[in-house]
Each structure stands twice: as C-alpha cells, then as structure tokens.
Amino acid sequence: MEYALLVFGQETDWDAMTPAEREERFTANRAFGRELAEAGVRIVYGAKLARPTAAEGEDRAAPGILELGGLWIVDVTSEEEALHWAAKLPVSPGARVETRLCNRPPAR
C-alpha cells in the first residue's frame, strides 16, 4: 500500500536556516531515505516542495501557520508501518507529519 508522508512546517523555519543548516536537513533526509531502502521499503517519491508562485504576496508565513513543504510516498505493508516511518522523518521542531493512504483507481 502506498502512503503519503506529508510534512507540514512553519515556512519561515527554512528562511531562517543558514546554508549549513539546510545542508544538514538535506543530509538527514538522505539518511532517512537510505534507512527506508535498507529496510526494504519502496520509495515511490520524495521531494521538498517549492513555494507556490500563485501565493506571492499573501501572508503565508504568519506565526502558527503550517504549510505543506515536503512529502514522501512510500510503499509499505500497513498503516502502522507508515506511521512508524512518519515518526522517524526528520522535521523542524513544531512541524508535523501527516500520513495518508494513496487511493489509486482500480486497474482496468
């Protein structure tokens, strides 16, 4: 079963990071991906999401507003396994990971 691990965080957290801190976050996510692969979990997709240009000028980074900033789609055997991996995902303090089953249309 495929599950989306959706990462929500404060948009200004990324802006406040130094280049070294950003690289540290990327390194942590690469390590997470390796851990998934070594455990036999198929990674369907993973990405840090760009800010939507349609939202330019909006007050999207107000305190307390969490925005979708990244995602992983993993193929696991159960919701419990998806939740296990979601809990291990490296995120900023105050961020959250939402786990959702990916419902595909039936094969024809």
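To keep things clear, this report deals only with the structure shown in the data block. (Residues numbered from 1 in each chain as written. Predicted model: local features only at pLDDT ≥ 70, side-chain atom pairs only at ≥ 80, totals over all residues. Heavy atoms only, no water.)

Some thoughts on the overall build of the protein chain
The condition is simple: Under the scheme used here, helices are H or I runs from DSSP no shorter than 4 residues and strands are E runs no shorter than 2 residues, and both carry numbers assigned from the N terminus. The buried label applies to any residue whose accessible area, calculated with a 1.4 Å probe on protein chains only, is under 20% of its type's maximum; exposed applies above 50%, and partly exposed to all values in between. Contact definition: two residues touch when any of their heavy atoms are within 4.5 Å. Accessible surface is estimated by sampling points in the Shrake-Rupley manner with a 1.4 Å probe; for residues, cover comes only from the protein chains shown.
Each helix and strand counted, the protein chain has three helices and four strands in total. Tracing the protein chain from N to C terminus, the helices and strands come up as β-α-α-β-β-α-β. Counting all 108 residues of the protein chain, 31% fall into the buried class. Put simply, 82% of the contacts in the protein chain that link residues at least 6 apart link residues at least 24 apart. With the model as given, the accessible surface of the protein chain reaches about 7000 Å², and the carbon-plus-sulfur share is 55%.

Considerations on the packing of aromatic side chains
Any aromatic ring pair is given by two values, namely how distant the centres are and how the planes are angled relative to each other. We count it as follows: Think of it this way: a Phe, Tyr or Trp ring, Trp meaning its six-membered ring, pairs with another when their centres are within 6.5 Å, and the plane angle makes it stacked under 30 degrees, edge-to-face over 60, tilted otherwise. Charges are assigned to positions over rings by a cutoff of 6 Å between ring centre and Lys NZ or Arg CZ, combined with an angular limit of 35 degrees from the ring normal.
All told, the structure shown has two aromatic pairs when counted by the stated rule. Consider the rings of phenylalanine 32 and tryptophan 72, whose centres lie 5.1 Å apart with planes at 80 degrees: the pair is edge-to-face. Taken as a pair, phenylalanine 32 in helix α2 (residues 19-38) and tryptophan 72 in strand β3 (residues 66-75) lie far apart in primary sequence, 40 residues in all. Judged by relative accessible area, which is 3%, phenylalanine 32 ranks as buried. A connected cluster of aromatic rings, assembled from ring pairs, spans Phe32, Trp72 and Trp85. Between arginine 96 and the ring centre of phenylalanine 8, over which it is positioned, the NZ or CZ distance is 4.3 Å.

Quick notes on the sheet that holds strand β2 (residues 42-48)
Applicable threshold: Note on pairing: DSSP must find at least two bridges between two strands before they are called paired. Each axis is a line fitted through C-alpha atoms, and for a helix only the stretch in contact is used; angles between axes span 0 to 180 degrees, taken between their N-to-C directions.
Overall, antiparallel pairing links the four strands, which are arranged β2-β3-β1-β4 in an open sheet. Both edges of this open sheet fall to β2 and β4 (96-101), since each of them pairs with a single strand only. Between one strand and the next, the sheet's axes are offset by a mean angle of 20 degrees, whatever the strand orientation. Judged from the six bridges that link them, strand β1 (residues 2-10) and β4 form a sheet pairing that is antiparallel.

So, the side chain of asparagine 29
Structurally, asparagine 29 can be placed in helix α2. By relative accessible area, which is 16% here, asparagine 29 ends up buried. In contact with asparagine 29, other than residues within four places in its own chain, are Trp72, Leu89 and Pro90.

A short note on the pattern of salt bridges
Defined as follows: Any Lys or Arg side-chain nitrogen found within 4 Å of a carboxyl oxygen on Asp or Glu counts as a salt bridge.
Enumeration over the complete set of coordinates arrives at six salt bridges. Residue arginine 30 pairs with glutamate 23 through a salt bridge whose shortest N-O separation is 2.6 Å. Ionic pairing is found between glutamate 35 and lysine 88, a salt bridge with its closest N-O pair at 2.4 Å. A residue pair is termed long-range when its members are at least 10 positions apart, and glutamate 35 in helix α2 and lysine 88 in helix α3 (residues 79-88) qualify at 53 residues. The class for glutamate 35 is partly exposed, based on a relative accessible area of 32%. Given the relative accessible area of 38%, lysine 88 is considered partly exposed. Each of the salt bridges in this network shares a partner with another, and the network as a whole consists of Glu2, Arg42 and Asp75.

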